[in-house]
Each structure stands twice: as structure tokens, then as C-alpha cells.
Amino acid sequence: MSAEIIYGRELAEDIRERMTKEVADLRELGVVPGLAVVIVGNDPASLSYVRGKDKASKKVGLESNLIELPEEVSQEELLDLVDRLNHDSNVHGILVQLPLPDHINEDEVIEAISPSKDVDGFHPVSIGRMMAGKETFLPCTPLGILTMFKEKEISLEGKHVVVLGRSRIVGKPIGQMLLNENATVTYCHSRTKNLKDFTQNADILIVAVGKPGFISGDDIKDGAVVIDVGVNRIEDGSLTGDVDFESALEKASYITPVPRGVGPMTITMLLHNTIQAAKQLNQIPQRSS
Ligand code: NAP
């Protein structure tokens, strides 16, 4: 058996095409969805991420404002900026790229963002609403994974989902979101004992650990759906996931590659959330994009 490969990049392109039309319709109504992306310092990986977000936003017709601040910016200056963006009616989504330098209190910055503009879905209000199963901004990487399942019509109800990793941005929220979809969810992490006992019993295995080749074909059950969230740069400079793709391909029913898998969906969901924010703030009825 060889799995169907879910190319997130292709799905993302289709979704962005639909979004471009939706943004054009909104512009005709006088609503120009605006995203402000804030980056502190000049970490090359973070700069490359935010420039990618900025470029993708502009391509679908959003107004994107990339604000680059020096490493030495103070907590107060950053909070002032967030406050100004909260009150700027042309800005519907605010994203502060993480991690922030050590002298900045990250939680305080995230909590300063208005929940109505929290397009990253990291504000405690957004997290609380997600836990309660209420409509809210969902964090982009898990929302990208959920959208993949929906686009591929992979059923979730009653499925045993095993999530490897319990980070705030991937592991915890994807588990909660799939629980909300009536899956049965098990979380595993670095203290989990006998990891294989869990992974080999997963109908759907989501791997977000950050270790190249951490999971191989032997670790999964026949016909499992395998979602590889990991992005690891290896010695030859190329990117690879947390799953040994070749061996898992033989056992899985669906599998995502790295690159071109989950990554492109993440940015697309940021655009989705920004469009939803613009509609909410302008009281335009929602439709799926
Ligand atoms: P993280 O915050 O470093 O969390 C890693 C998780 O893996 C932790 O929960 C950790 O457990 C667990 N873990 C580590 N070693 C383990 C082991 N031996 N057995 C079982 N669990 C283990 O990472 P993250 O931010 O979630 O990111 C995970 C990966 O996804 C990274 O490669 C990252 O680059 C990638 N990522 C990709 C996207 C995308 O858009 N494609 C977005 C975000 C992240 P403990 O909690 O016990 O320490």
C-alpha cells in the first residue's frame, strides 16, 4: 500500500485563489482587510517567515504592513505600538512574530492584542473560546491541518488521534480542535512512556516534535493518516520533517510531505483569519473562504 500524499501547497493555492475573489468583493464594498505584522530584531528565520506572510497577504489583495523594530525596543514601546494598532480602523489583524527577545514579556504582549484582531489565535480569550467550542480565531498551523482534513474529506468522528508534542502553538490546540470534531485524542510528549504503544494505535498521527525522522513506518499502523508538522533544517541545508517519509509512505493511507505539506497551509490560515476579522469588524456576514 502506498499513501496518498496531501500536498498542502496545492490545497493552499486553491484556497488563496478563492480568497483573492473574496477580498476583491470586500474591496468593492469598501472594506480592505488589513494585517499588521510586527517583528522585533533581525533573526534571519523569523525575518524570512514574516516576509513570506507579508508577500502572501499582498498577493491575495490584503493591505499588509510589516513593522520591523530593533532588538532593543522596550516593553513599553512595543505595548504602545500594539495599542495604536488595536485602535487603527485600517488594521483588522495583528501578528507579533514570536519568539521575542528575552527582555520582553511575551505573554503581556500577546494579551495586549485585542481579541477581535488576534489572527494568530494565541490570546487567552481565543484559547478559552476554542476550549469552550465557541467560534473564535483558531491558531494557524492547527487550523491549516483541520482544513486539510476537511478539503480531503477525511472523517474525524470517533477516530483515535494521537498528537506527538504539546506546544502552545501546535500540539495542544490541534488536539483540542480535533476533540471538538468528536475525535478521541491522546497527547504524547517527552515524558510519555512506551511511545510506540500509542503511535501504533493511532488512526490519525500528528507529529509536532521538531526532530528529523523521529517517526518511521514501524511506528505507525497500517492505513493511518500521518500529518508531519516538523520543519528541521539538516546538514545539507535542506528541510525535512519529523517523519521518515519513505517508510511511512508504505504504511499510511494519507501523509503530508515536508516541505510543501503543512507549512503553506499555515500562512493561508493567517490570511483566512485576517479576512474573517475584517468582516467581523465591519459586520459583514461570514462565509467560508
Ligand atoms: P516545541 O515547542 O519545541 O515542542 C516540541 C514538543 O515535542 C514538546 O511538547 C516536547 O515534549 C515534544 N517532544 C520532544 N522530544 C520528544 C520525545 N522524545 N518524545 C515525545 N515527545 C517529544 O515545538 P513546536 O513549536 O510545537 O514545533 C514542533 C515542530 O513543528 C518544529 O519542527 C517546528 O519547526 C514545526 N512547526 C511547523 C509549523 C508549520 O507551519 N509547518 C508551525 C509551527 C511549528 P515536552 O513538552 O515534554 O518537552
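Computed from a predicted model, the values in this text were never measured in an experiment. (Residues numbered from 1 in each chain as written. Predicted model: local features only at pLDDT ≥ 70, side-chain atom pairs only at ≥ 80, totals over all residues. Heavy atoms only, no water.)

J.: Is there a simple way to think about the UniProt feature "binding site: NADP(+)" (unreviewed entry) in the protein in this case?
T.: Following the UniProt record, one finds the feature "binding site: NADP(+)" (unreviewed entry) at Gly165, Arg166, Ser167 and Val231. Structurally, the position occupied by Arg166 is in the loop between β5 (160-164) and α7 (171-180). The exposure class assigned to Arg166 is partly exposed, which follows from its relative accessible area of 40%. Excluding residues that lie within four positions of it along the chain, Arg166 makes contacts with Gly171, Lys172, His189 and Arg191. Here Ser167 is to be found in the loop between β5 and α7. Judged by relative accessible area, Ser167 falls into the partly exposed class, the value being 32%. Apart from the residues within four sequence positions on either side, Ser167 is in contact with Lys172 and Pro173. (UniProt positions renumbered as here; feature names shortened; annotations may be inferred. Helix = DSSP H or I, 4+ residues; strand = E, 2+ residues; numbered from the N terminus. Buried < 20%, exposed > 50% of the residue type's maximum accessible area, 1.4 Å probe, protein only. Contact = heavy atoms within 4.5 Å.)

J.: What exactly am I supposed to notice about the domain arrangement of the protein here?
T.: Many authors give the size of an interface as the accessible area that is lost as the parts come together. Entries for the protein in the domain assignment read domain 1 (28-115) and domain 2 (140-263). Each of domain 1 and domain 2 was reduced to a C-alpha centroid, and the two centroids are 29 Å apart. (Domains from an automatic or database assignment.)

J.: Is there a simple way to think about the nonpolar core in this case?
T.: The tendency in soluble globular proteins is for nonpolar side chains to be buried as a group. The biggest cluster of nonpolar side chains holds 51 residues, and the ones touching the most others in it are Ile145, Phe149, Leu178, Ile206, Ile227 and Val229. It is helix α10 (residues 262-281) that contributes the most residues to this core, eight residues altogether. Composition of this core by domain shows at least three residues from each of domain 1 (28-115) and domain 2 (140-263). Excluding residues that lie within four positions of it along the chain, Phe149 makes contacts with Ile154, Leu156, Leu178, Ile204, Ile206, Val225 and Ile227. Membership of the second largest hydrophobic core comes to 17 residues, among which are Leu81, Val91, Ile104 and Ile113. (Core = buried A, V, L, I, M, F, W, Y, C linked by side-chain atoms within 4.5 Å.)

J.: It is not clear to me how the packing of helix α1 (residues 8-28) against helix α6 (residues 140-151) should be interpreted in this structure. Could you clarify?
T.: To characterise two packed helices, one gives the angle between the axes of the helices and the distance between these axes. Where α1 meets α6, the closest approach of the two axes is 11 Å, and the angle between their N-to-C directions is 90°. As far as their axial angle goes, α6 and α1 are roughly perpendicular. Within the contact between the two elements, α1 uses Gly8, Leu11, Ile15 and Arg18 and α6 uses Thr147, Met148 and Glu151. When the residues that make up the contact of α1 with α6 are grouped by side-chain class, the tally is three nonpolar, two polar and two charged. (Axes fitted to C-alpha atoms, helices over the stretch in contact; angles between N-to-C directions. Parallel < 35°, antiparallel > 145°, perpendicular 65-115°, else oblique. Nonpolar A, V, L, I, M, F, W, Y, C, P; charged D, E, K, R; others polar.)

J.: Would you mind going over a negative patch on the surface with me for this structure?
T.: Taken together, the side chains of Glu10, Glu13, Asp14 and Glu17 present a region of like negative charge at the surface. Here Asp14 is to be found in helix α1. According to the relative accessible area criterion, Asp14 is partly exposed, its value standing at 43%. (Patch = residues over 30% accessible without salt bridge, like charges linked within 9 Å, V, L, I, M, F, W, Y side chains within 5 Å. Areas by Shrake-Rupley, 256 points an atom, 1.4 Å probe, with all protein chains shown as cover. Salt bridge = Lys/Arg side-chain N within 4 Å of Asp/Glu carboxyl O. Lys, Arg positive; Asp, Glu negative; His and termini not counted. Charge placed at Lys NZ, Arg CZ, Asp CG, Glu CD.)

J.: How do you make sense of helix α3 (residues 75-87) when you look at a structure like this?
T.: An α-helix turns once per 3.6 residues; consequently, residues spaced three or four apart project the same way. Counted at 1.5 Å a residue, the expected span for α3 with its 13 residues is 18 Å, and the 19 Å between its end C-alpha atoms agrees. Within α3, the full set of buried residues consists of Gln75, Leu78, Leu81, Val82, Leu85 and Asn86. The buried residues of α3 occupy an angular sector of 140° when the element is viewed end-on, so they sit on one face. Facing away from the buried side of α3, by more than 90 degrees, are the exposed residues Glu76, Arg84 and His87. Check the buried side of α3 and you find it contacts β2 (34-40), β3 (63-69), β4 (93-96) and α4 (106-112). (Expected span 1.5 Å × (residues − 1). Arc of directions from axis to C-beta.)

J.: Just checking my understanding: could you explain unusual backbone geometry for this structure?
T.: Note on backbone geometry: most residues besides glycine have negative phi, and most peptide bonds are trans. Omega for the peptide link from Leu98 to Pro99 comes to 0°, which places this bond in the cis form. Of note, Pro99 is situated in the loop between β4 and α4. Of note, the bond from Val258 into Pro259 is cis; its omega dihedral lies within 30 degrees of zero at 0°. Here Pro259 is to be found in the loop between β11 (254-255) and α10. One non-glycine residue with positive phi stands out, namely Asn194, at about 50°. With respect to the helices, strands and loops of the structure, Asn194 is situated in the loop between β6 (184-188) and α8 (195-199). Although it is not a glycine, Arg260 adopts a positive phi angle of roughly 80°. Of note, Arg260 is situated in the loop between β11 and α10.

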